[in-house]
Amino acid sequence: MINIGMTVAFSLMGFAADPPAANPAGVPPIKIVKIDRKEPVLYDKDIEPIFVNKCAFCHSGNIKEGKLDMATHESLMKGGKKGPSIIPGKSDESLLYKLSAKVMRPAMPPKSEEPLTPEELALIKLWIDQGAKAPTAARVRPKIVLTPPPASVHPVRALAFSPDKSVLAIARGNTVLLNSQIHPILANLAHRHPLARLQVLLNEPLSVATQRALVDSSLKGPDGKPLAAAHLGLVEAIAISPDGKLIATGSFQEVVLWDLKQGTLVRRVGGFADRVVALAFSPDGKLLATGGGAPTEDGEVKILDVSSGKVVLDIKSPHSDTVFGLAFSADGKMLASCGADKFVKTWEIPSGKALKSFEGHTHHVLDVSWKSDGKFLASAGADNVIKVWNFEAGEQARTLTGHTKQVSRVVFVGATPTIATCSGDQSVRVWNSENGGVQRTLTGFPDYLHALAVTPDGLLIAAAGEDGSVRIFAGANNNQPARVIPAPN
Ligand code: HEC
């Protein structure tokens, strides 16, 4: 007994005296904490969400680093290149635990990524020591209790101009704002006022008359008080119907249709697997395509009949991972989709029959757009490039390079071969899709850009991102914003 006590004491002392660099993994280990846990640790409830968050990106789907597939309990237990990663009952002998605790090389996740918290590590340890058991019952999706995002979290994830260009819809945090300051911008453009004058005219404070919010009066915060928001969760996507009457907004497991003019809620459609991150109206306005799906599990594409809200087409496993972008062809006969599985795919509408798929991006494909003639597609990649695809030939036409971070949105402008993109590199670019030349670069954004809207005449460009402010550019050559809508404090 005494001996054991001594050993422990010595090793603790030795550990405390060593600088962190002496750790075999070369990085500071994760702090060991004890968790007070009476009920057994469950794989599907406690462990899988940690893996999905912090490991699955490199250990599931197309990427299985170290040949370790963490997509399911079964594949996880098979282990990787070095054999089993988990020895049930023996966390200290389990490779997965040692790498995650960062006491052995290569520390996991790699140091560029967010490490496990001491609590997460402790849960994983306890789960392994309790036998690393598989999920018990048939797979039950953990019920997620959604709470509103903290007030400081207000990224703009989507933007859309109404067809008459009178309104810019802004999805910011869990709110949707309808800004109608575009009209004076256009009026001034028409009169060819110099930009300096435009800015003086337009940077007047926002009033109720110029910015309204879509509010679902049935929403309540955790304190039971009404929440002045459009959704409980973040608004991930918006689309305005071609006749300008409806606006659709997508959030966690739901889509809401609103009357754009009245600002009233028309219909709520639920039943989605996860976040709805892509929305597109068909050119005749009768259908609304929705895209999303549970990360690393399955993509989801459902098409709703706008007048009834019913799902008229549910494409089974359209992508093997989240769908990020959707676009109807101008004739409404085809839908393009793209997603985390690196593919761009096309579907016949209304049958849902798979047409062509396009492979070439080396990372998530975040958005897709059709050229108005239906002959070309453009896609935006998390691999920092835009690809132009020849639909008829079924092959890649060219790759546009220049952005230095993820390209988050791409749009063909009107009926032209011009495309506009925005990126995590805090810039918007306007390109010629036929030769890959850059026509314009808009810079000066304070943060990562998620959202972009361009009017078909190319005269108005709005872009926004993580910080919540929105910049509107007016005219074909004004590379200074005509209006900055500030982020909330
Ligand atoms: C950014 C990518 C990335 C993330 C995120 C990541 N890993 Fe890894 N992982 C790797 C790479 C790369 C290797 C292969 C390293 C090597 O062989 O040198 C690897 C290897 C492993 C191995 C060894 C497999 C074998 O048999 O060789 C384990 C175990 C592992 N990771 C666990 C995890 C866990 C647990 C997490 C989350 C807490 C995680 N990884 C997150 C990239 C990642």
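Throughout what follows, the structure given in this document is the object of discussion. Fair warning: this is a prediction, and the values are worked out from it, not measured in the lab.

### Regarding the overall build of the chain
Item 1. Assigned secondary structure in the chain consists of seven helices and 30 strands.
Item 2. For the chain, with 489 residues in total, the buried portion stands at 42%.
Item 3. Sequence-distant contacts, at least 24 apart, represent 48% of the contacts inside the chain between residues at least 6 apart.

### A short note on the sheet that holds strand β6 (residues 211-214)
Strand pairing in a sheet relies on backbone hydrogen bonds. The paired strands run either parallel or antiparallel.
Item 1. Judged by pairing direction, the sheet is antiparallel, and its four strands sit side by side in the order β3-β4-β5-β6 without closing on themselves. Looking at the sheet topology across the chains shown, the edges are occupied by β3 (156-161) and β6. The average angle at which neighbouring strand axes cross in this sheet is 20 degrees, direction not considered.

### Overview of the site of the ligand
Item 1. Around the ligand sit 23 residues, and of these Cys55, Cys58, Glu65, Gly66 and Gly80 come closest.
Item 2. When residues in the shell around the ligand are grouped by element, the largest group, four residues, is from helix α4 (residues 95-100).

### Here's the deal with the sheet that holds strand β9 (residues 254-259)
Item 1. Read from one edge to the other, the open sheet built from four strands follows the order β7-β8-β9-β10, with strand pairing classed as antiparallel. This sheet does not close on itself; its edge strands, each paired only once, are β7 (237-240) and β10 (264-269). Recorded for the sheet is a direction-independent mean angle of 20 degrees between the axes of neighbouring strands.
Item 2. When β7 meets strand β8 (residues 246-251), the two strands line up antiparallel, connected through four bridges.

### Considerations on helix α2 (residues 43-54)
Since one α-helical turn is 3.6 residues long, residues separated by three or four positions face the same way.
Item 1. Every buried residue belonging to α2 is among Ile47, Glu48, Phe51 and Lys54, and all of these are buried. Axial view of α2: buried residues confined to an arc of 150 degrees, hence all on one face.
Item 2. Those residues of α2 hidden inside the fold are in contact with α5 (118-129).

### Digging into the pairing of strand β25 (residues 428-432)
One face of the sheet, then the other: side chains in a regular strand alternate in exactly this way.
Item 1. One ladder, built from five bridges, connects strand β24 (residues 418-423) with β25; its direction is antiparallel. Paired with Thr418 across the strands is Asn432, a residue of β25.
Item 2. Counted between consecutive antiparallel strands, the loop separating β24 from β25 contains four residues, among which Gln426 sits at a positive phi close to 65 degrees.
Item 3. Sheet topology note: the β25/strand β26 (residues 438-442) ladder contains four bridges and is antiparallel. Bridging from a neighbouring strand, Val428 pairs with Leu442 of β26.
Item 4. Linking β25 back to β26 in an antiparallel pair, the connection comprises five residues, with Gly436 at a positive phi of about 80 degrees.

### What to know about the packing of α2 against α5
Item 1. Direction vectors running N to C along α2 and α5 enclose 130 degrees, while the axes themselves pass 10 Å from each other. Classified by the angle their axes make, α2 and α5 are oblique. Like other packed secondary-structure pairs, α2 and α5 cross with a definite hand, here left-handed. The segment α2 lies against α5, with Tyr43, Asp46, Ile47 and Ile50 engaging Glu120, Leu123, Ile124 and Trp127.
Item 2. Along the lines of polarity and charge, the residues of the contact of α2 with α5 split into six nonpolar, no polar and two charged.

Cut-offs used in this document
Residues numbered from 1 in each chain as written. Predicted model: local features only at pLDDT ≥ 70, side-chain atom pairs only at ≥ 80, totals over all residues. Helix = DSSP H or I, 4+ residues; strand = E, 2+ residues; numbered from the N terminus. Buried ≥ 20, exposed ≤ 12 C-beta atoms within 10 Å, placed from the backbone. Contact = placed C-beta atoms within 7 Å. Pairing = 2+ DSSP bridges. Axes fitted to C-alpha atoms, helices over the stretch in contact; angles between N-to-C directions. Near = placed C-beta within 6 Å. Arc of directions from axis to C-beta. Parallel < 35°, antiparallel > 145°, perpendicular 65-115°, else oblique. Left-handed = near helix turned anticlockwise from the far one by under 90°. Nonpolar A, V, L, I, M, F, W, Y, C, P; charged D, E, K, R; others polar.

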